[in-house]
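A look at the structure
Each chain, letter by letter, is given below.
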Amino acid sequence: MNKLLSFIPEIPIADATDKVVDKITEIFAFIFDPISTHFGNFMEFFAEDFLMSIPPFIMILLVAILAFFVSGRKFGLAIFSIIGLWLIYNQDQWENLMYTVTLVLIASILSIVIGIPFGILISKSNLANIIIKPILDFMQTMPAFVYLIPAVAFFGIGMVPGVFASLIFAIPPTVRFTNLGIRQVPRELVEAADAFGSTGAQKLFKVELPMAKPTIMAGVNQTVMLALSMVVTASMIGAPGLGRDVLSALQRADVGTGFVAGIGIVILAIIIDRLTQGANRKKD
Amino acid sequence: MPIIEVENLTKIFGKNVKQAMKLLNEGASKDEILKETGCTVGVNKASFSVKPGEIFVIMGLSGSGKSTLVRLLNRLIEPTSGKILIEGEDLSQMDKNALRQARREKMSMVFQQFGLFPHRTVLENAAYGLEVQNIAKEEREEKAKRALELVGLGNYLHQKPGQLSGGMQQRVGLARALTNDPKVLLMDEAFSALDPLIRKDMQDELLDLQSTMQKTIIFITHDLDEALRLGDRIALMKDGQIVQIGTPEDILVNPANEYVERFVEDIDRSKVLTAQHIMKRPESVNIDTSGPRVALERMREAGISLIFAVDNARNFKGYISAEDASDALKKGITNLKEIVKNDVRRVDKDTTLNDIFSIVHDSPVPVVVVENNRLRGVIVRGAVIGALAGESEVSMENE
Ligand SMILES: Nc1ncnc2c1ncn2[C@@H]1O[C@H](COP(=O)(O)OP(=O)(O)OP(=O)(O)O)[C@@H](O)[C@H]1O
Ligand SMILES: [Mg+2]
């Protein structure tokens, strides 16, 4: 029986993957290298020279005001933001928080900017849909830290590979929900747009995207949460932030520090989640 | 010249179109083709033409292909074969740009579920057709406003469609179609989603609009009442085929086949048949030239006890009874004008049977049908009851 199973010698998938990644690294070095330098510099600038230059007091106030309006002039989320963010400050995690916010923000923005056009593409072309859907499944089921390996190969260590890995992990919901939202636009509305002589672009921007917006925003919300969940994983490849403290606490079995950093992530997650959901609800 | 001409228009849904087309040409039925090829025949060789200013109603049961046919007319559905001529131009041969232009300028559509854009205001909805033509905001909103005022929504410009009732929403749908000022309106069961009273209002309003604007309207419905109220002509569809085209009278009185007859059977005749269908030719006497003797002689001839009076210009003047005429003869009165009576109920030739019934009921004298002061016909009680009972020997002799 075993003979039968080993009739075909081991297929060198791992080797092949190595080679492919090596080749890509080699060929595209001229793109990857400047990206990792300039983009890395930009993110460091954004985190250290922009976010950290804003006094924490003002930042907390701004977030609270935003929360107040986004949640429909209710105080709940605003108060939670003030207490939560103060706690993070109090635990001396403010700088880590700013790095994490940078990472999540950049990864999310890129996911949205890249994901929505892909979503539109697969909503319009059944062929593209057939090709891209399984790729999305693959991207979502592959354990997240597997992406770290090529990320490091392409971009070295630091924030850039962290963003790259987060991007791959977080992009599928935006693509899927954009597709879903557009396909769900009632048939009569699409017909109305056509019957009055809209061009494809007019139909998309005047009818389909506005109609699909709540669905797309639900996807964006998921994307942001996935990006945040990659924070700890990304710290394995040297991305700074709350995740790094979790990781080092893990290595030193330091429950206390780990808990503090973990709480920080949870607080951030709740605030981001309610903010993106609230922004969606307000438009209805 | 007809504004729309459709020749052998056919739509087959499915993958095996070629084979289905072959079977169709061999005369196979819709069911057989579905069984053989898995293809659905949506529309089967429809041919008709529509005159400018006409309301052309397409009627048929669910699944008979009405929606498909109307969507073929602006190519929301691509035809499998056949021609669609709009003002002589073949729509089926147009490229994308020409088709888009035709949709913008020649025809607009009104939808069953209204098809309004919920994220746009009433005004923005109505202006959509001009917006996609990149017409300046001021101009398009001016035109949209005028169309909305026409349908009585001048005060709702900045509401969202969701805030309006069904009837009002469909008015927006109608205004959106009118804003473009197209020659042709395509209306797919435009009033089917409305409740009966509102529906009747909308039908009246459409007829009003039509009488002032003279659009050509293709109106889809599965409701015979609606078809008869609106249609100048009606096309009846079954299994994708057009089985009869005719005026409402044609359809009612001479159903082309059993299918049409069955369709027509359940119609409430009292609402559809009107005075002109049941009136008889009246006997009349000219009171300017004739005297009692002539009147009596005419009555004796026709075996009646009362005769209608007209003047030289054939204007209706009333009636003369046999009794009065013989009295006059005895008294030596020669002028019929002195004995004419005018206590007779008049109806219009379009008065429905329903209304006539109650009038005839409490009028001792037969009811007359008068048009422009001319005597057109007379309605006796027996004819009304006969027609209500479904006798189809309705008289068309005054047509
Ligand atoms: N996109 C489609 N794909 C396959 N078959 C279709 C499609 N659209 C319509 N059909 C079929 O074509 C036939 C005609 O449908 P259509 O919608 O034109 O009927 P209808 O007369 O408008 O009916 P209703 O009164 O229910 O609206 C039906 O048998 C239907 O199943
Ligand atoms: Mg239909």
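Residues numbered from 1 in each chain as written. Chains lettered and ligands numbered in written order. Predicted model: local features only at pLDDT ≥ 70, side-chain atom pairs only at ≥ 80, totals over all residues. Heavy atoms only, no water.

Per an unreviewed UniProt entry, chain B carries the name Quaternary amine transport ATP-binding protein and comes from Pallidibacillus pasinlerensis. Listed under Catalytic activity (unreviewed entry) in UniProt, the entry text for chain B is "a quaternary ammonium(out) + ATP + H2O = a quaternary ammonium(in) + ADP + phosphate + H(+)". On record in UniProt, under Sequence similarities (unreviewed entry), the comment for chain B is "Belongs to the ABC transporter superfamily." (UniProt positions renumbered as here; feature names shortened; annotations may be inferred.)

Per an unreviewed UniProt entry, chain A goes by the name Proline/glycine betaine ABC transporter permease and belongs to Pallidibacillus pasinlerensis.

**Examining the overall build of chain B**
Along the backbone of chain B there are 18 helices and 16 strands. Relative to the 2.2 N^0.38 estimate, which gives 21 Å for 399 residues, the radius of gyration of chain B is 27 Å and therefore markedly larger than a compact globule would have. A principal-axis box enclosing the C-alpha atoms of chain B has dimensions of 90 × 55 × 35 Å. For chain B, with 399 residues in total, the buried portion stands at 52%. Intrachain contacts of chain B at a sequence separation of at least 6 include 66% that bridge at least 24 residues. Of the accessible surface of chain B, which amounts to about 18,700 Å², a share of 45% is contributed by carbon and sulfur atoms. Taking the average place of the 53 positive charges on the side chains of chain B and the average place of its 59 negative ones, the gap between the two points comes to 3 Å. (Helix = DSSP H or I, 4+ residues; strand = E, 2+ residues; numbered from the N terminus. Rg over C-alpha atoms; globule rule 2.2 N^0.38 Å. Buried < 20%, exposed > 50% of the residue type's maximum accessible area, 1.4 Å probe, protein only. Contact = heavy atoms within 4.5 Å. Areas by Shrake-Rupley, 256 points an atom, 1.4 Å probe, with all protein chains shown as cover. Lys, Arg positive; Asp, Glu negative; His and termini not counted. Charge placed at Lys NZ, Arg CZ, Asp CG, Glu CD.)

**Description of the pattern of salt bridges**
Two side chains that carry opposite charge are able to pair once their charged atoms sit near each other. Counted by the stated rule, this structure contains 31 salt bridges over all chains. A salt bridge links Glu191(A) to Arg187(A), with the shortest nitrogen-to-oxygen separation between them at 3.1 Å. With Glu191(A) and Arg187(A) both in helix H10 (residues 187-195), this residue pair falls 4 residues apart, about one helical turn. Residue classification places Glu191(A) among the buried residues on the basis of a relative accessible area of 9%. A salt bridge links Lys106(B) to Glu89(B), with the nearest nitrogen and oxygen atoms 2.8 Å apart. Of this pair, Lys106(B) sits in the loop between helix H4 (96-105) and strand S6 (107-110) while Glu89(B) sits in strand S5 (residues 89-90), and the two are 17 residues apart along the sequence. Among the residues examined, Lys106(B) registers a relative accessible area of 17% and is labelled buried. Given the relative accessible area of 40%, Glu89(B) is considered partly exposed. (Salt bridge = Lys/Arg side-chain N within 4 Å of Asp/Glu carboxyl O.)

**Observations concerning the UniProt feature "domain: CBS" (unreviewed entry) in chain B**
Following the UniProt record, one finds the feature "domain: CBS" (unreviewed entry) at residues 278-338 of chain B. In the segment residues 278-338 of chain B, helix accounts for 36% and strand for 23%; the C-alpha atoms at its two ends are 31 Å apart.

**As for the site of ligand 1**
Residue and element names in this part refer to chain B. Of all residues adjacent to ligand 1, which total 13 residues, the nearest are Ser62, Gly63, Lys66, Ser67 and Thr68. Protein chains shield 62% of the accessible area of ligand 1, which is 640 Å² for the free molecule. Considering each element in turn, the shell around ligand 1 owes the most residues, 3 residues, to helix H3 (residues 66-73). Among the residues making up the shell around ligand 1, the classes are represented as 2 nonpolar, 8 polar and 3 charged. (Near = heavy atom within 4 Å. Nonpolar A, V, L, I, M, F, W, Y, C, P; charged D, E, K, R; others polar.)

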